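A closer look at the structure
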Amino acid sequence: MDLRKLKTLIDLVQQSGIAELEITEGEEKVRISRGVPGASPAAPVAHVVTLPAGPALADADAPVVPGAPGAPAEIEAPPAPEGHVIRSPMVGTFYRAAVPGAKDFAEVGQAVKAGDTLCIIEAMKLLNEIEADRDGVVKAILVENGQPVEYGEPLFILG
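Described below are features of the structure shown in this document. Note that the coordinates shown come from a computational prediction; the quantities given were computed from them, not determined experimentally.

Okay, the overall build of the protein chain next. For the protein chain, the helix and strand inventory stands at one helix and ten strands. Put simply, the protein chain runs from its N terminus to its C terminus through helices and strands in the order α-β-β-β-β-β-β-β-β-β-β. Within the protein chain, counting contacts between residues at least 6 apart in sequence, those at least 24 apart form 50% of the total. Put simply, the protein chain shows about 12,000 Å² of open surface, and 58% of that area lies on carbon and sulfur atoms.

Here's what the structure looks like:
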């Protein structure tokens, strides 16, 4: 791969806002990453605005009465379960059971002891058992089976 092509790829990564680009061309493989290894990149923030179907923008000066048709509905986030949070110690893929079709390691409402396996995270073809770090009852499982997880992402809540 020539130097001009590498420079073009570096510029593409810098301008696009992507975190990482990996290109394989024949026997050559190039990975370009933004940021410093070990430093956590700033998380992108997404803003979603939902407008209810109702009066047109011409009525924008009219007062909004809560509960009236066309008034924005107040949306409350569901309360987060309280308790001890078990977080992912690594980046990888979350699995609730050792093999597909097998019994899950932990279910909501199940009592667990410190050292009990709660799930497996596959990272770089290695299966890593994630254990409870204290006794408790599983109040919530926050990740779906087969979903990718990030370092520090909450996986379980123990009560």
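What follows covers the sheet that holds strand 3 (residues 84-87). Overall, antiparallel pairing links the four strands, which are arranged 3-10-8-5 in an open sheet. Either end of the sheet is taken by a strand with one partner, and the two such strands are strand 3 and strand 5 (111-112).

Next up on the list: the nonpolar core. By size, the foremost hydrophobic cluster in this structure holds 16 residues, and its most contacted members are Phe94, Leu118, Cys119, Val138, Leu155 and Phe156. Those elements that place two or more of their residues in this core are strand 6 (117-123), strand 8 (136-141) and strand 10 (154-158). For Leu118, the residues in contact, after removing those within four places along its chain, are Ile86, Arg96, Phe105, Ala106, Val112, Ile130, Glu131, Ala132 and Phe156. Counting residues in each nonpolar core, the second largest holds five residues, with Leu9, Val13, Leu21 and Val30 among its members.

Residue placement: Gly83 occurs in the loop between strand 2 (28-33) and strand 3. Spatially, the C-alpha atoms of Gly83 and Val137 are 9.6 Å apart, while their sequence positions differ by 54 residues. When residues no more than four places from it in sequence are discounted, the contact partners of Gly83 are Ile157 and Leu158.

Where strand 1 (residues 20-25) lies against strand 2, six bridges are found, and the strand directions are antiparallel. Counted as the bridge partner of Glu20 is Ser33 from strand 2. The hairpin turn running from strand 1 into strand 2, its antiparallel successor, is two residues long, and Gly26 in that turn takes a positive phi close to 65 degrees.

Right, let's talk about the pattern of salt bridges for a bit. All told, the structure shown has three salt bridges when counted by the stated rule. One salt bridge connects Asp11 with Lys7, and the closest N-O pair in it is separated by 3.2 Å. Of the two residues, Asp11 and Lys7 are both situated in helix 1 (residues 3-16); the distance of four residues between them amounts to about one turn of the helix. For Asp11, a relative accessible area of 24% puts it in the partly exposed group. Judged by its relative accessible area of 49%, Lys7 is partly exposed.

Evaluated as defined, the whole model comprises one aromatic pair. Ring plane angle 50 degrees and centroid distance 5.9 Å describe the contact between Phe94 and Phe156, whose orientation is recorded as tilted. Pair noted here: Phe94 is in strand 4 (residues 92-95) and Phe156 is in strand 10, with a separation of 62 residues, a long-range link. Residue Phe94 is classed as buried on the basis of its relative accessible area, which comes to 0%.

Position of Thr117 among the secondary structure elements: in strand 6. A polar side-chain atom of Thr117 sits 3.3 Å from a polar atom in the side chain of Glu129. Sequence-distant contacts of Thr117, defined by excluding residues within four places in its chain, comprise Phe105, Glu129, Ile130 and Glu131.

Rules of the game
Within each chain, residue numbers correspond to sequence positions counted from 1 in written order. Totals for whole chains, interfaces and linings use all residues, but because this is a predicted model, local features are given only for residues with pLDDT of at least 70 and pairs of side-chain atoms are given and counted only at 80 or more. Water and hydrogen atoms play no part in the side-chain values, which are based on all heavy atoms of the structure. Each helix is a run of DSSP H or I of at least 4 residues and each strand a run of E of at least 2, with the numbering of both proceeding from the N terminus. Note on contacts: a residue pair qualifies if any of its non-hydrogen atoms lie within 4.5 Å across the two residues. Shrake-Rupley sampling with a 1.4 Å probe provides the accessible areas, and residues are treated as covered by the protein chains on show and by no other component. In this description, strands pair whenever DSSP reports at least two bridges between them. What we call a nonpolar core is a set of buried Ala, Val, Leu, Ile, Met, Phe, Trp, Tyr and Cys residues that are connected through their side-chain atoms within 4.5 Å. When a residue's accessible area, from a 1.4 Å probe over protein chains only, is under 20% of the maximum for its type it is buried; when over 50% it is exposed; and in between it is partly exposed. For salt bridges, the criterion is a side-chain nitrogen of Lys or Arg within 4 Å of an Asp or Glu carboxyl oxygen. Note on aromatic contacts: the rings of Phe and Tyr and the six-membered ring of Trp form a pair at centre separations within 6.5 Å, being stacked when their planes are under 30 degrees apart, edge-to-face when over 60 apart, and tilted otherwise. As used in this structure description, the phrase polar contact means that two N or O atoms lie within 3.5 Å; if the pair is within protein, one of them must be able to donate a hydrogen and the other to accept it, and residues adjacent in sequence are counted only when both atoms belong to side chains.

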